[in-house]
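Listed below, chain by chain, are the residues.
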Amino acid sequence: MFLSIFEIFKVGVGPSSSHTMGPMTAAGQFLEKLKSEGISASSLGASLHGSLAFTGKGHRSDQAVVLGLDGFTPDDFDPDAAKMAEERIALHKTVKPAGHPEYKFDPEEDLVFDYETVLTGHANGMKFWAKDEHGAILVEQIYYSIGGGFVASAEEMEQVEAELGAVPQEVPYPFRNADHMLALAKESGKSVAQMKWENELIRSGAENLHERVMRIWEVMERCIDKGLETGGILPGGLNVKRRAMGIHSQLQAEQGKNLTPPHVINDWIAAYAMAVNEENAAGGQVVTAPTNGAAGVVPATIRYYLDHVPTAKREDVVDFLLTAAAIGGIIKNNASISGAEVGCQGEVGSASAMAAAGLCAVLGGTPQQVENAAEIALEHHLGMTCDPIKGLVQAPCIERNGLGAIKAVSAASLSLRGDGLHLVSLDACVETMRQTGQDMSDKYKETSLGGLAVNLPAC
């Protein structure tokens, strides 16, 4: 399955790509199904299953479904309009998506958190249905949110599995995994970013492609800046204080002092990442990178490069993101980027690998060193669980992004000091992550049934 850079990096809304963006997108797809099949329904309903049920409240999955059925989409989400829509729906118990009739829908009665029924296609399952005026079900559809905002119907899941590793015939550099990527790079003499660029050109002209890639960075950069300027307490009941602004203010005050220790650069990197994930936790606009839960790692690493590396050039951001997207596509195709499927190794681990590869590339690394940087970063996230306290993308998620970005910088640096040859290949590491995810208990895969989620007395 050929994944475009614009599928890996998608503009969306927090706090979760799989638990917020996915359900909102699935609701929209169900509305399209009703419209395209000419189904005249009177009322709508939905149920959340698996990880979506267990952590749905914390991830705002219920709000996402309600707003999705009212016509909201992640890429142009307006928080003020959403708030008014929620109040209207709660009052009138109806939804009115554009281009559709008004449907009866009571969020308290028609949206079910089903903790018992298992939908076997994926840990993030949901079901939508439409009824006639007599209460008879006209159509029912199962969807799965498979990570990073990607959604597939039950019927499409088989096709998704069949297409893993497949690429369009017209793609000039059809690498399925890291070994294939390195072989094509050696044969062509091109960098990972150059090969990814030419693959993307089959869908977009060069000028438009450059503009769209830079648009991704502009949204990321704006998210960092907003997070660094915003204080207060995050919503959800944990009373987590937003810390990025305070840390950044301290760092700015210390600039220029001769006695500042070198390790303080880690605090800058962490502040950038935490700023993004605090925005995500507050329901702000972020870019999946490759998920919302891991959205801070790549932007923080880019911001570190631009603000702290003397030779950095803004135009290098395109190569950084193209390289990162290539690695993200390999990981998704051969393992998973879903915390509900493989734990946080698939989210922050994948993001750290992507960021390490991107940074290594713009610092002059060879394709072999780029692959090695990604492998180092991913290897040292293997086995990481996803155990969000109270189902919120706050603790340990926010700080974990900061540490993931710091690991990415270290991995890129270590790789650049070698020839790129390493005992463990990226492909071996990705396969290990897949197997580890299969063996991991569901308690530690975004269900909040184990780990930190049950060992914090205050919760």
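In this numbering scheme, every chain counts its residues from 1 along its sequence in written order. Per-residue local features are limited, in this predicted model, to residues with pLDDT of at least 70; the limit for side-chain atom pairs, both in listing and counting, is 80 or more; totals at the level of whole chains, interfaces and linings are taken over all residues. Side-chain calculation: all heavy atoms of the structure are included, whereas hydrogens and water are not.

Draft legend 1. View of the environment of Asn-208. Numbering of helices and strands runs from the N terminus, with a helix taken as a DSSP run of H or I at least four residues long and a strand as a DSSP run of E at least two residues long. Mapped onto the fold, Asn-208 is located in helix α11 (residues 206–228). Each residue is assigned to one of three classes by its accessible area relative to the maximum for its type, calculated with a 1.4 Å probe on protein chains only: buried under 20%, partly exposed between the two thresholds, exposed over 50%. Asn-208 sits in the partly exposed class, given a relative accessible area of 37%. Residues Asn-208 and Ile-398 lie 190 residues apart in sequence; the distance between their C-alpha atoms is 33 Å.

Draft legend 2. Looking closely at the environment of Gly-246. With respect to the helices, strands and loops of the structure, Gly-246 is situated in helix α12 (residues 244–254). Residue Gly-246 is classed as partly exposed on the basis of its relative accessible area, which comes to 33%.

Draft legend 3. Highlighting unusual backbone geometry. Cis geometry is found at the peptide bond from Gly-14 to Pro-15, where omega equals 10°. Counting through the fold element by element, Pro-15 comes out in the loop between β1 (11–13) and α2 (17–36). Ala-289 connects to Pro-290 through a cis peptide bond whose omega is 5°. Position of Pro-290 among the secondary structure elements: in the loop between β9 (285–287) and α14 (297–308). Phi angles above zero are rare outside glycine, and Lys-390 is one such case at about 60°. The residue Glu-446 is not glycine, and still its phi comes out positive at about 55°. Classification of Glu-446 as buried rests on a relative accessible area of 3%.

Draft legend 4. Spotlight on the packing of α12 against helix α13 (residues 265–281). Interaxial angle, 0 to 180 degrees, is taken between N-to-C directions of lines fitted to C-alpha atoms, where a helix line uses only the stretch in contact. Orientation of α12 relative to α13, taken along the N-to-C sense of each, is 150°, at an axis distance of 9 Å. By the criterion of interaxial angle, the relationship of α12 to α13 is roughly antiparallel. The handedness of the crossing between α12 and α13 comes out as left-handed. Seen from α12, the contacting residues are Ala-244, Ile-247, His-248, Leu-251 and Gln-252; seen from α13, they are Asp-267, Trp-268, Ala-271, Met-274, Ala-275 and Glu-278. If an angle is under 35 degrees, it is roughly parallel; if it is over 145, roughly antiparallel; if it lies from 65 to 115, roughly perpendicular; otherwise it is oblique. In this scheme, a crossing is called left-handed if the near helix is turned counterclockwise away from the far one by less than a right angle; it is called right-handed if the turn is clockwise. Two residues form a contact once any of their heavy atoms are found within 4.5 Å.

Draft legend 5. Seen up close, the packing of α2 against helix α5 (residues 61–69). Remark: α2 packs on α5, axes separated minimally by 8 Å, with the N-to-C direction vectors making an angle of 30°. Judged by the angle between their axes, α2 and α5 are roughly parallel. Crossing angle aside, the handedness with which α2 passes α5 is right-handed. Listed contacts from α5 to His-19, Thr-20, Pro-23, Met-24, Ala-27, Gly-28 and Leu-31 of α2 are Ser-61, Ala-64, Val-65, Leu-67, Gly-68 and Leu-69.

Draft legend 6. Quick peek at a nonpolar patch on the surface. A patch is a set of surface residues, each over 30% in relative accessible area and not in a salt bridge, joined within 9 Å for like charges and within 5 Å for the nonpolar side chains Val, Leu, Ile, Met, Phe, Trp and Tyr. Shrake-Rupley sampling with a 1.4 Å probe provides the accessible areas, and residues are treated as covered by the protein chains on show and by no other component. By definition, a salt bridge exists where a carboxyl oxygen of Asp or Glu is found within 4 Å of a side-chain nitrogen of Lys or Arg. On the surface, Phe-54, Tyr-115 and Leu-449 cluster together into a nonpolar patch covering about 280 Å² of accessible area. Here Leu-449 lies in the segment after α20 (426–439). Overall, Leu-449 belongs to the partly exposed group, its relative accessible area being 42%.

Draft legend 7. Quick look at the packing of aromatic side chains. The aromatic pairing rule takes the rings of Phe, Tyr and Trp, using the six-membered ring of Trp, and pairs them if the centres are within 6.5 Å, calling planes under 30 degrees apart stacked, those over 60 edge-to-face and the rest tilted. Scanning all chains against the criterion turns up 5 aromatic pairs. Relative to Tyr-115, the ring of Phe-54 has its centre 5.4 Å away and its plane inclined at 50°; by these criteria the two rings are tilted. Of this pair, Phe-54 sits in helix α3 (residues 51–54) while Tyr-115 sits in the loop between β5 (111–114) and β6 (124–131); the two residues are 61 residues apart in sequence, bridging distant segments of the chain. On the basis of relative accessible area, Tyr-115 is assigned to the partly exposed category, the value being 44%. Here Phe-128 and Tyr-143 contribute two aromatic rings whose centre-to-centre distance is 5.8 Å and whose plane-to-plane angle is 75°, an arrangement assigned as edge-to-face.

Draft legend 8. Up close: helix α6 (residues 79–92). Multiplying 1.5 Å by the helix residue count minus one yields the expected span of that helix. In this model, α6 (14 residues) spans 20 Å end to end at C-alpha, consistent with the 20 Å of a helix rising 1.5 Å per residue. The inward-facing, buried residues of α6 abut α5, β3 (94–95) and α7 (107–110). Polar contact is defined as a pair of N or O atoms within 3.5 Å, subject to the rule that within protein one atom must be able to donate a hydrogen and the other to accept it, and that residues adjacent in sequence are counted only when both atoms are side-chain atoms. The N-terminus of α6 is capped by Asp-78, whose side-chain oxygen sits 3.0 Å from the backbone nitrogen of Asp-80. Once α6 ends, the next one or two residues include Lys-93, with phi positive near 60°.

Draft legend 9. Molecular detail of the pattern of salt bridges. Here the structure, examined in full by the defined rule, presents 16 salt bridges. The partner of Lys-313 in a salt bridge is Asp-316, and the shortest N-O contact between them spans 3.7 Å. Since its relative accessible area comes to 41%, Lys-313 is described here as partly exposed. With relative accessibility at 12%, the residue Asp-316 sits in the buried group. The partner of Arg-434 in a salt bridge is Glu-431, with the nearest N and O atoms 2.6 Å apart. Of this pair, Arg-434 and Glu-431 both sit in helix α20, separated by 3 residues, roughly a single helical turn. Accessibility expressed as a relative area gives 29% for Glu-431, which makes it partly exposed. Among the charged side chains, a salt-bridge network with shared partners connects Lys-226, Arg-242, Glu-278 and Glu-279.

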